[in-house]
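Observations on the model geometry
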Amino acid sequence: MKNRYMTPLGWYWFLQRPAFRAFMAREATSVAVAGYLVFVLILLNAIGDGPVAYDRVVVNLKQPLAVFGHVLVFGAALYHSITWFNLTPKAMPIYIGEDRVADFWAAILMGYLPWLVVSAVVLWAVTR
Amino acid sequence: MHHSKEVFWWSLFSAGGVMAALFMPALMVATGVILPNRGPAAHAQIHETVSFWPVRILLFVILFLSFFHCGHRVKHILMDLGLRRASGALAVLCYGGASVGTLAAAYVLATLGSG
Amino acid sequence: MARGATIKLDVFRCRPEDERGTFRSYDVPYREHWVVLDALNWIKDYMDGTLSYRWSCRMGVCGSCGMMINGQPALSCAVFLKSYYPNSIRVEPLSYFPVDRDLMIDLEGFLAKLKSIKPWIIHEDEKPLEAGEYLQTPGELAAFKQYSMCINCMLCYAACPVVGAEEDFLGPAVIALAQRYNLDSRDQGAEERSVAIDADEGIWGCTFVGECTEVCPKQVDPAGAIQRAKVASAKNWYSKLLPWGER
Ligand code: SF4
Ligand code: FES
């Protein structure tokens, strides 16, 4: 009775359904974010090394390749944020008394609102 | 309760997921648009901001958790692509990579000098 | 619709000794009120008595008629021909299960996983009969009710790539059922169940693809159940590290 037929699962499984493609896109954002984290380390290091080192990095940020890279990782990060906040209420539902708060509102409360505040503070910190 | 050691890696993954979701888009706008436009003149202010100790600690927490978030996700992507049998080696690779990133972050942030 | 209208069903056929299956096409009378299961019954009665598949209630409660219908896991008694006509319909056994014959899958593995999480109420101290029943408030019932609606149709397994990749993965329905008992105020079995549940082949095998929840005909939300179990496990693990945490 072994060796009976069973739907095979090839490495390409994630191409087979739209939801699987969306899932893989979501997971793959981590590769982009990881690359960006390394860039942040380089930038921080340059900031510590002084104005000259900092200039070298910042001037290069206007190169088309750097702009393209930033657009790419920004798209990935945005997709990560949105999917993450939308899924948070599924893993951590909030209750008022015995009633579960609708996922929509829970996502706004636990995700989108804090996101707005954090983003505003970060942007303020680099423009003030 | 019985626990798999995955509980530890997963907790770093999800805390890192929160950090990345909250901070990355704004940081990218900062480094991709604002800093290049402000040019070299902004160095003094940016240096002062990031070397403020609470900011340094915050940056370390963001980087550390985000690195482990990415490491965990990449490990699971590779497992899902058919490398399930190699999950031990993948763990060394991915969490090792995240650890290197974390150590580098600690070093860079500790040696920023004072603003 | 013409009186003699027909619809084509491409049905997966496979005998136990076959290495792989083949598709056979049947032109079945098209009726607007027919579901896919009606068409299969018509094939069995009038065209090909050798076709094997499971069904019983014909009304979405027994959970035995799950199949892949145009690649989507579904209860064949709940999807209408109307949704596909005039296109043909491809009918296959549920994905990621060994096939016994035609559209019938082997349930052994699933049943063994089901048993491993002790899907019954476990009391720490059994009350004597004369002490009366174990009472529960509506709120305590609400805490697990959703997870008790599962009909073991296994559609969620056929929608889960981890099930396909990892033979030992407990899978969505079994973990949701464990939650059904863990969250029951009358139950004290969470500790015992955690051996199977809090394992790499348990909740930690899940990467939250989320399709199990989408295909579930009973709104059980197994994906949500698994993520909530992960959060609970992490909270418990960290609380044990604290000096004042529970032991
Ligand atoms: S959780 Fe839903 S899809 Fe899965 S077996 Fe139960 S009823 Fe079917
Ligand atoms: S025949 Fe019972 S659920 Fe479809």
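Structural notes, computed from the coordinates. Treat the numbers as computed from the prediction; the structure is a model and nothing was measured. Each chain has its residues counted from 1, running along the sequence as written. To read the labels, note that chains go from A and ligands from 1, taken in the order they are written. Predicted model: local features are reported for residues with pLDDT of at least 70 only, side-chain atom pairs are reported and counted for 80 or more only, and whole-chain, interface and lining totals are derived from all residues. The side-chain numbers reported here are obtained from all heavy atoms of the structure, hydrogens and water having been left aside.

Any two residues whose heavy atoms approach within 4.5 Å are treated as being in contact. Taken together, the contact between chain C and chain A spans 31 residues of the former and 21 residues of the latter. Buried area is a sum: the accessible area each of two parts loses on coming together, probed at 1.4 Å, counted once for each and added. The contact between chain C and chain A buries some 2300 Å² in all, and 59% of this surface belongs to carbon and sulfur atoms. Of all residues in chain C, Tyr96, Phe208 and Arg228 of chain C give up the largest surface area on contact with chain A, accounting jointly for 25% of the area buried on that side. By convention in these notes, a salt bridge is any Lys or Arg side-chain nitrogen within 4 Å of a carboxyl oxygen on Asp or Glu. In this assembly, chain C and chain A are joined by one salt bridge. For glutamate 211 of chain C, the salt bridge is made with arginine 17 of chain A, and the minimal N-O distance between the two is 2.8 Å. A 3.5 Å cut-off defines polar contacts: any pair of N or O atoms within that distance qualifies, except that in protein one atom must be a possible hydrogen donor and the other a possible acceptor, and neighbouring residues in sequence count only when both atoms are side-chain atoms. On the surface where chain C and chain A come into contact, there are six residue pairs in polar contact (both at pLDDT 80 or more).

The next thing to look at is the packing of aromatic side chains. Pairing of aromatic rings covers Phe, Tyr and Trp, the last through its six-membered ring, and needs centres within 6.5 Å; plane angles under 30 degrees mean stacked, over 60 mean edge-to-face, and all others mean tilted. A complete count under the given rule lists 24 aromatic pairs over all chains for this structure. With a centroid separation of 5.4 Å and 65° between ring planes, the pair formed by phenylalanine 85 of chain A and tyrosine 112 of chain A is classed as edge-to-face. Separated by 27 residues along the polypeptide, phenylalanine 85 of chain A in helix 3 (residues 64-91) and tyrosine 112 of chain A in helix 4 (residues 103-127) bring together distant segments of the chain. Relative accessible area serves as the criterion here: at 3%, phenylalanine 85 of chain A is assigned to the buried category. Tyrosine 112 of chain A gets classed as partly exposed once you look at its relative accessible area, which sits at 24%. Three or more aromatic residues joined by ring pairs make a cluster, and in this case those are Phe8, Trp9, Phe60, Phe64, Phe68 and Tyr95 of chain B together with Trp237 and Tyr238 of chain C. Cation over ring: lysine 127 of chain C sits above tyrosine 134 of chain C, and NZ or CZ is 4.5 Å from the ring centre. A run of H or I in DSSP becomes a helix once it reaches four residues, and a run of E becomes a strand once it reaches two; helices and strands are each numbered from the N terminus. Here's how the labels work: a residue is buried when its accessible area is under 20% of the maximum for its type, exposed when over 50%, partly exposed in between, all with a 1.4 Å probe on protein chains only. In this scheme, the term charge over a ring applies when either NZ of a lysine or CZ of an arginine sits within 6 Å of the ring centre and within 35 degrees of the ring normal.

Moving on: the interface of chain B and chain A. In this assembly, 48 residues from chain B lie in contact with 51 residues from chain A. Note on chain B versus chain A: buried area summed over both sides is about 4400 Å², and carbon and sulfur give 76% of it. Together, Met28, His43 and Arg73 of chain B form the three largest contributors to the area buried by chain B at its contact with chain A, with a combined 16%. The interface formed by chain B and chain A holds one salt bridge in total.

Among all positions in helix 2 (residues 51-60) of chain A, only Ala53, Tyr54, Val57 and Val58 of chain A are buried. For helix 2 of chain A, the angular spread of the buried residues around the axis is 125°, confining them to a single face. Those residues of helix 2 of chain A that are exposed and angled more than 90 degrees off the buried face are Val52, Arg56 and Val59 of chain A. On its buried side, helix 2 of chain A packs onto helix 1 (18-49) of chain A together with helix 1 (6-38) and helix 2 (43-51) of chain B. The directions considered for the arc run from the helix axis to the C-beta atoms.

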